[in-house]
Amino acid sequence: MVERTAPDIAAVVAAFRPDIVVCDNHFPEFAAAPRVCLMWHGLGWKSCPDHDVAVRFKHVRRLTGVDPRVENPRLIAQCYHERDRAWRIDDWGMAPENCEVVGSCFSDLLLAPPYTREDLIRFYHVDITARPTLLVNLTWHYGRIFPGSWKPTRFRRSPMDEDLTFFRSVLARAADHRANALVCLHDSWRYEAPFRAALYREAGRFRHVEMKHKDEHPDNLADLLVSDAMVSNLSSFVTFFYHLGRSSVHLCPSPGRKVHFMRQTSRGPRAGSAGSGTKWMNPPEDNGGLTAFDAESALAAIDEALTKPDCCRERARDWLDRHIHAPDGRTARRMADALERQTIERGRSQRNWPRAG
């Protein structure tokens, strides 16, 4: 195990001489291996921006010497399902020969967890056994809570009051049901500092609330397992929750409404472009739970999620059937088999490839 940011990472990898490097959107900046397995860390709704796709293709060309838009014997592009594969081919322009339907490796852990809720008690401040837990998952991708139209100005001039009022209402509604609110956020630095601070201030008003950031508490498998219901603003994280068959609420933009996607810059998170024709890989309304377009409907859906634990079981199963290939507990094995075929069937003779980059 080596941190990818370690100063001697290139030398360590060169000494190991791997046959293949497996990565998502974080590519090694040096020639790590002659082959690349390109994975995605979540299947959700937001389409990857065209610029980001171009950057990933550039990295693949740099590492393998072959463009992913043509057959590349040194590339595997992992796909969750035939529908996902079709998107990579039709929208991204990736060559079909490079795309392999494997499924979701993470589903193996959800179907056979390595620990129980009782095992995790000491890792949480809230009581995860005596009280039900509402998992509140707020992605950074939209800058605010509800994906929708807001003016991308500096935080102090942007209309955050509505979001904070809603956030407070969600925590209060969890308290009404005698439930914990486990608020899971992306890495702390992905949010505008004033907005992050405001969320913490609101959370401090309630007793049975716990706030977590991914960079500080990376084991989000545990968060899924200890939760009884979930509310999320279209983070792909919620799709993992479907495997547990529990209730979920999806905060969606009104159909046709402009959506600003956030992007990371050297000066921190900034809003990118928006358009009424926002491109979604999967429509927001196509989800495995309850759909809410405004605060009122979201709070009503949270009531249903906390009082009817099985209300989304069939919807979640239907979504998985249509978007995830064979969640049968053997996906990691299929992924390993694909990696072995890449390094054996396509020839170890390429091991001493001309190192690019």
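Let's talk about the overall build of the chain
Across its full length, the chain holds 11 helices and 12 strands. In terms of C-alpha radius of gyration, the chain reaches 21 Å, essentially the compact-globule figure of 21 Å for 357 residues. Taking all 357 residues of the chain together, 52% fall into the buried category. Within the chain, contacts between residues separated by at least 24 positions form 71% of all contacts whose residues are at least 6 apart in sequence. Within the structure as shown, the chain displays about 17000 Å² of accessible surface, and the carbon and sulfur contribution to it stands at 51%. A distance of 6 Å separates the average location of the 51 positive side-chain charges in the chain from that of its 46 negative side-chain charges.

Topic: the pattern of salt bridges
Under the counting rule described, the total for this entry stands at 22 salt bridges. One salt bridge in this structure joins Asp50 and Lys279, with 3.2 Å as the shortest N-O distance. Taken as a pair, Asp50 in helix H2 (residues 50-64) and Lys279 in the loop between strand S11 (268-271) and strand S12 (290-292) lie far apart in primary sequence, 229 residues in all. Given the relative accessible area of 35%, Lys279 is considered partly exposed. Linking Arg322 and Asp318 is a salt bridge whose minimum nitrogen-to-oxygen distance equals 3.0 Å. Here the residue Arg322 and the residue Asp318 both occupy positions in helix H10 (residues 313-323), the gap between them amounting to four residues, near one helical turn. On the accessibility criterion, Arg322 (27% relative accessible area) is partly exposed. Residue classification places Asp318 among the partly exposed residues on the basis of a relative accessible area of 38%. One salt-bridge network, held together by shared partners, links Arg83, Asp286, Asp318 and Arg322.

Brief notes about the side chain of Asp163
With respect to the helices and strands, the residue Asp163 is situated in helix H5 (residues 161-176). If we skip the residues at most four places from it in the chain, Asp163 touches Arg144, Ile145, Phe146 and Phe195.

Some words on the nonpolar core
Inside soluble globular proteins, nonpolar side chains tend to come together where they are buried. Counting residues in each nonpolar core, the largest one holds 58 residues, and the members touching the most others are Trp92, Tyr124 and Leu224. For Tyr124, the contacting residues outside a window of four places in its chain are Leu182, Glu210, Lys212, Ala222, Asp223 and Val226. Ala179, Tyr191, Val231 and Met262 belong to the second-largest nonpolar core, a separate cluster that totals 39 residues.

Some points on the packing of H5 against helix H9 (residues 295-307)
Their axes nearest at 10 Å, the elements H5 and H9 cross at an angle of 20°. Considered as vectors, H5 and H9 are oriented roughly parallel to each other. Both H5 and H9 take part in a crossing whose hand is right-handed. For the pair H5 and H9, the contacting residues are Phe166, Ser169, Val170, Arg173 and Ala174 in the first and Ala295, Ala298, Leu299, Ile302, Asp303 and Leu306 in the second. For the contact of H5 with H9, a count of residues per class yields eight nonpolar, one polar and two charged.

Notes on the sheet that holds strand S9 (residues 247-251)
Taken in spatial order, the six strands line up as S7-S6-S5-S8-S9-S12 in an open sheet, and their pairing is parallel. Edge positions in the sheet fall to strand S7 (209-213) and S12, since each has one partner strand and no second. Geometrically, the sheet is characterised by an average inter-axis angle of 20° between neighbouring strands, direction not taken into account. Where strand S6 (residues 180-185) meets S7, five bridges bridge the pair, whose relative direction is parallel. Across the sheet, residue Cys184 finds its bridge partner in S7, namely Lys212.

With respect to the sheet that holds strand S2 (residues 35-38)
Reading across the sheet, the four strands line up as S1-S2-S3-S4 and stay open at both edges, with parallel pairing between neighbours. What marks the edges here is a single partner per strand, and that holds for strand S1 (20-23) and strand S4 (99-101). Between one strand axis and the next, the sheet turns by 25° as a mean value, whatever way the strands run. The sheet contact formed by S1 and S2 spans four bridges and is parallel. From the neighbouring strand, Cys23 faces S2, where its bridge partner is Leu38. Sheet contacts for helix H11 (residues 331-344): S1, S2, strand S3 (75-79) and S4; angle to S3, the most-contacted strand, approximately 165°.

Calculation rules
Residues numbered from 1 in each chain as written. Predicted model: local features only at pLDDT ≥ 70, side-chain atom pairs only at ≥ 80, totals over all residues. Heavy atoms only, no water. Helix = DSSP H or I, 4+ residues; strand = E, 2+ residues; numbered from the N terminus. Rg over C-alpha atoms; globule rule 2.2 N^0.38 Å. Buried < 20%, exposed > 50% of the residue type's maximum accessible area, 1.4 Å probe, protein only. Contact = heavy atoms within 4.5 Å. Areas by Shrake-Rupley, 256 points an atom, 1.4 Å probe, with all protein chains shown as cover. Lys, Arg positive; Asp, Glu negative; His and termini not counted. Charge placed at Lys NZ, Arg CZ, Asp CG, Glu CD. Salt bridge = Lys/Arg side-chain N within 4 Å of Asp/Glu carboxyl O. Core = buried A, V, L, I, M, F, W, Y, C linked by side-chain atoms within 4.5 Å. Axes fitted to C-alpha atoms, helices over the stretch in contact; angles between N-to-C directions. Parallel < 35°, antiparallel > 145°, perpendicular 65-115°, else oblique. Left-handed = near helix turned anticlockwise from the far one by under 90°. Nonpolar A, V, L, I, M, F, W, Y, C, P; charged D, E, K, R; others polar. Pairing = 2+ DSSP bridges.

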